[in-house]
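Next come the chains, spelled out residue by residue.
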Amino acid sequence: MMVRLDKYLADLGAGTRSEVKNGIRKGRAAVDGRIVKRPEEKIDADLCRVTYDGIPIAYRKWVYYMMNKPAGVVSAVKDHKERTVLDLLDGWKRKGLFPAGRLDKDTEGLLIITNDGDLAHRMLSPGKHVDKVYYAHILGNVSAEDAAAFAAGIDIGDDKPTLPAKLEILSADEVSEVMVTIHEGRYHQVKRMFLALGKQVIYLKRTAMGSLLLDQTLAPGEYRELTKEEIKQLC
Ligand code: URA
């Protein structure tokens, strides 16, 4: 695929088109080891080896990141008031990235950021019922009756009750620790399920989606690319 050098670099997130044009004119880009100063020069995106500031740039159509979303940022591309998960990506930002799915502002944990709209659609479409696993702290003593209510499905004020869900009690006290597995992705679903039972979620973290597990080495706010195996799992 032949493409202009400035477009290639801008599409891969090296900067805006005009930033990249300036950079190229200043000699920051090289193609197959040769400095190229003409932004309009056409390169073969499949064959050429491109570097920018000496960093090799590999063209991949689709990119997939796993982020451990921290509390306090919103799952959006842009927001005029709040910091977004995309604001946390440093360095180059590939065009067209978006979070596949949402976690509430105060929820932490596994979030996929990608430019692959088809994958997001497949993962999130209501018919898919991809399992989502959450670790939570609940105000109050979570009981076996609560677990039974989760297993039966709970009326949270929507047209239909939730699908049966799994509630595993790790410890029960004034604040209880639980793991919850749900098969849908309704708005504030976990919080609303507990609220329907008169209890409040005070900490929530997603730990898995389908067979994809949150990488425990990622601190809140950190992210990494998915491995080939992980991408396969998602697909
Ligand atoms: N359920 C919630 O209530 N909040 C989330 O962020 C995710 C699931």
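Since this is a predicted model, take the numbers as computed values, not measurements.

Definitions and cut-offs
- Residues numbered from 1 in each chain as written.
- Predicted model: local features only at pLDDT ≥ 70, side-chain atom pairs only at ≥ 80, totals over all residues.
- Heavy atoms only, no water.
- 1 Å grid on protein atoms, 1.4 Å probe; cavity = no way out; pocket = protein on both sides within 12 Å on 5 of 7 lines; lining within 4 Å.
- Points joined across faces, edges and corners; volume = space filled by probe spheres on them.
- Helix = DSSP H or I, 4+ residues; strand = E, 2+ residues; numbered from the N terminus.
- Nonpolar A, V, L, I, M, F, W, Y, C, P; charged D, E, K, R; others polar.
- Core = buried A, V, L, I, M, F, W, Y, C linked by side-chain atoms within 4.5 Å.
- Buried < 20%, exposed > 50% of the residue type's maximum accessible area, 1.4 Å probe, protein only.
- Contact = heavy atoms within 4.5 Å.

## Structural notes on the layout of surface pockets
Taken as a whole, the largest pocket encloses approximately 650 Å³ of empty space. Forming the walls of the largest pocket are 30 residues, and the residues nearest its centre are Arg102, Gly185, Arg186, Tyr187 and His188. Put simply, the parts of the chain that give the lining of the largest pocket at least two residues each are helix 3 (117-124), strand 10 (132-139), helix 5 (189-196) and strand 13 (200-209). Ranked by the residues each element gives to the lining of the largest pocket, the list is headed by helix 5, at three residues. Residues that form the lining of the largest pocket fall into these classes: twelve nonpolar, nine polar and nine charged.

## Structural notes on unusual backbone geometry
The phi angle at aspartate 32 is positive, at roughly 50°, despite the residue not being glycine. Mapped onto the elements of the fold, aspartate 32 is located in the loop between strand 2 (29-31) and strand 3 (34-35). Despite not being glycine, histidine 188 shows a phi value in the positive range, around 50°. Structurally, histidine 188 can be placed in the loop between strand 12 (175-182) and helix 5.

## Brief notes about the nonpolar core
Residues Ile113, Phe150, Leu167, Val178, Val180, Val190 and Phe194 are the most contacted members of the largest nonpolar core, which totals 30 residues. Secondary-structure elements contributing two or more residues to this core are strand 7 (64-69), strand 9 (108-114), strand 10, helix 4 (144-152), strand 12, helix 5 and strand 13. Setting aside residues up to four positions removed in sequence, valine 178 forms contacts with Tyr134, Tyr135, Ala136, Ile138, Val142, Leu167, Glu168, Ile169, Leu170 and Phe194. Membership of the second largest hydrophobic core comes to 18 residues, among which are Leu9, Val36, Ile43 and Val50.

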